[in-house]
Amino acid sequence: MHEFSIAAGIIEIACEEARKAHADHVRSVTCRAGVLRQVDPELLHDAFALAAEDTPCAGAELSIEQMPVHLACPDCGHRFSAHGWDWQCPKCGQDATCLEGGDELDVTSVEVDSEATGAQAKGGLTWSAS
Ligand SMILES: [Zn+2]
């Protein structure tokens, strides 16, 4: 299942950040998922909760930011967000626009509980486009 392997990847990153911060519990994780990844937020939440059992991520809150498709026009330099599958430049009509965002899948923030003052750790991750 697509979402389950993503959840496992997120948990791996978050646990690593917790270890680095000498924390034994992850409070929350924020990730960014481009719409082209076709991640179902509900399924990902469920998969995350299941996969997090018996790890430092158990009970952690997962926030998913859905990122729109961002395109750039090679002709006129116009940058815009695509709606649906219409990727034509709205300024000059160029069809072959370049993808600048919307296919990302990153962990942008991991908040951990530590003995000290509740340190915040941040990690980055990019999955291969499989
Ligand atoms: Zn253009």
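Residues numbered from 1 in each chain as written. Predicted model: local features only at pLDDT ≥ 70, side-chain atom pairs only at ≥ 80, totals over all residues.

To continue, consider the overall build of the chain. Counting secondary structure elements, the chain contains two helices and seven strands. Put simply, the chain runs from its N terminus to its C terminus through helices and strands in the order α-β-α-β-β-β-β-β-β. Within the chain, the proportion of its 130 residues that are buried is 26%. Across the chain, every contact between residues at least 6 apart in sequence was considered, and the portion connecting residues at least 24 apart equals 69%. (Helix = DSSP H or I, 4+ residues; strand = E, 2+ residues; numbered from the N terminus. Buried ≥ 20, exposed ≤ 12 C-beta atoms within 10 Å, placed from the backbone. Contact = placed C-beta atoms within 7 Å.)

The strand order across the open sheet formed by three strands is β4-β3-β5, and the pairing between neighbours is antiparallel. Edge positions in the sheet fall to β4 (79–81) and β5 (98–101), since each has one partner strand and no second. Adjacent strand axes in the sheet meet at a mean angle of 35 degrees when their direction is disregarded. As paired strands, strand β3 (residues 70–72) and β4 are joined by three bridges and run antiparallel to one another. By the bridge assignment, His70 is partnered in β4 with Ser81. (Pairing = 2+ DSSP bridges. Axes fitted to C-alpha atoms, helices over the stretch in contact; angles between N-to-C directions.)

Mean pLDDT over the chain: 88, with 87% of residues reaching 70 or higher. Taken element by element, the predicted model of the chain shows its lowest mean pLDDT in strand β7 (residues 120–121) (55) and its highest in helix α2 (residues 41–51) (97). (pLDDT = per-residue confidence, 0-100.)

The subject of this paragraph is the packing of helix α1 (residues 2–20) against α2. It is the contact of α1 with α2, at a shortest axis distance of 8 Å, that shows an interaxial angle of 55 degrees. The orientation of α1 relative to α2 falls into the category oblique. Between α1 and α2 lies a crossing whose hand is right-handed. Residues Glu3, Phe4, Ile6, Ala7, Ala8, Ile10 and Ile11 of α1 pack against Leu43, Leu44, Ala47, Phe48 and Ala51 of α2. Across the contact of α1 with α2, the residue classes tally to eleven nonpolar, no polar and one charged. (Parallel < 35°, antiparallel > 145°, perpendicular 65-115°, else oblique. Left-handed = near helix turned anticlockwise from the far one by under 90°. Nonpolar A, V, L, I, M, F, W, Y, C, P; charged D, E, K, R; others polar.)

To continue, consider the environment of Gly9. As for its position among the elements, Gly9 is in helix α1. Gly9 gets classed as partly exposed once you count the C-beta atoms within 10 Å, which come to 16. With 42 residues separating them in the primary sequence, Gly9 and Ala51 have C-alpha atoms 10.0 Å apart.

Counting residues in hydrophobic clusters, the biggest one holds 25 residues, and the most contacted among them are Ala7, Ile10, Ala14, Val26, Val29 and Phe48. Going through the elements one at a time, α1, β1 (23–34), α2 and β6 (105–114) are the ones with two or more residues in this core. Per element, the largest residue contribution to this core is seven residues, and it comes from α1. Among residues more than four places away in sequence, those in contact with Val26 are Ala14, Ala18, Pro56, Cys57, Ala60, Val110 and Val112. (Core = buried A, V, L, I, M, F, W, Y, C linked by C-beta atoms within 7 Å.)

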